[in-house]
Amino acid sequence: MSEKYTIEVKKRPWYEWLLWALWLLVSLFTLQNAVASGTELEPRAATIFWIVFVILVLGGGIVWYIRRDN
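Residues numbered from 1 in each chain as written. Predicted model: local features only at pLDDT ≥ 70, side-chain atom pairs only at ≥ 80, totals over all residues. Heavy atoms only, no water.

This next bit is on helix α1 (residues 14-39). With 26 residues, α1 should reach 38 Å at 1.5 Å per residue; the first-to-last C-alpha distance of 38 Å fits that figure. Within α1 the residues assigned to the buried category are E16, S27, T30, N33, A34 and S37. As for α1, its buried residues are in contact with α2 (43-67). Positioned one or two residues after α1, L41 has a phi angle of 60°, which is positive. (Helix = DSSP H or I, 4+ residues; strand = E, 2+ residues; numbered from the N terminus. Expected span 1.5 Å × (residues − 1). Buried < 20%, exposed > 50% of the residue type's maximum accessible area, 1.4 Å probe, protein only. Contact = heavy atoms within 4.5 Å.)

This is the structure:
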């Protein structure tokens with residue numbers, strides 16, 4: 001009753017990896033700005049950065065979910 005599981009790494013185009021890396025960097029930059037604005041008592045800027053960060057994360061999750069292979 002031994003089942004074998006294999007992991008298959010599918011080739012992706014180079015520009016897709018570049019876009020995901022760019023998305024990650026922009027998300028981290030936005031997160032850092034949101035936290036820094038909150039600690040500097042800039043509520044309006046912090047709110048804008050938090051909203052942009054949530055939109056970026058949700059957008060990335062939606063793109064990943066739609067493009068994943070079943």
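Still to come is the rest of the account.
Bringing the pattern of salt bridges into the picture now. Taken as a whole and judged by the stated rule, the model has two salt bridges. With a shortest N-O distance of 3.9 Å, E16 and R12 are connected by a salt bridge. A relative accessible area of 12% places E16 in the buried class. Accessibility expressed as a relative area gives 35% for R12, which makes it partly exposed. (Salt bridge = Lys/Arg side-chain N within 4 Å of Asp/Glu carboxyl O.)

Size it by volume and the largest pocket reaches roughly 200 Å³. What lines the largest pocket is R12, E16, W17, W20, W64, R67 and R68. Within the residue set of the lining of the largest pocket, elements represented by two or more residues are α1 and α2. In terms of residue count, the dominant contributor to the lining of the largest pocket is α1 (three residues). (1 Å grid on protein atoms, 1.4 Å probe; cavity = no way out; pocket = protein on both sides within 12 Å on 5 of 7 lines; lining within 4 Å. Points joined across faces, edges and corners; volume = space filled by probe spheres on them.)

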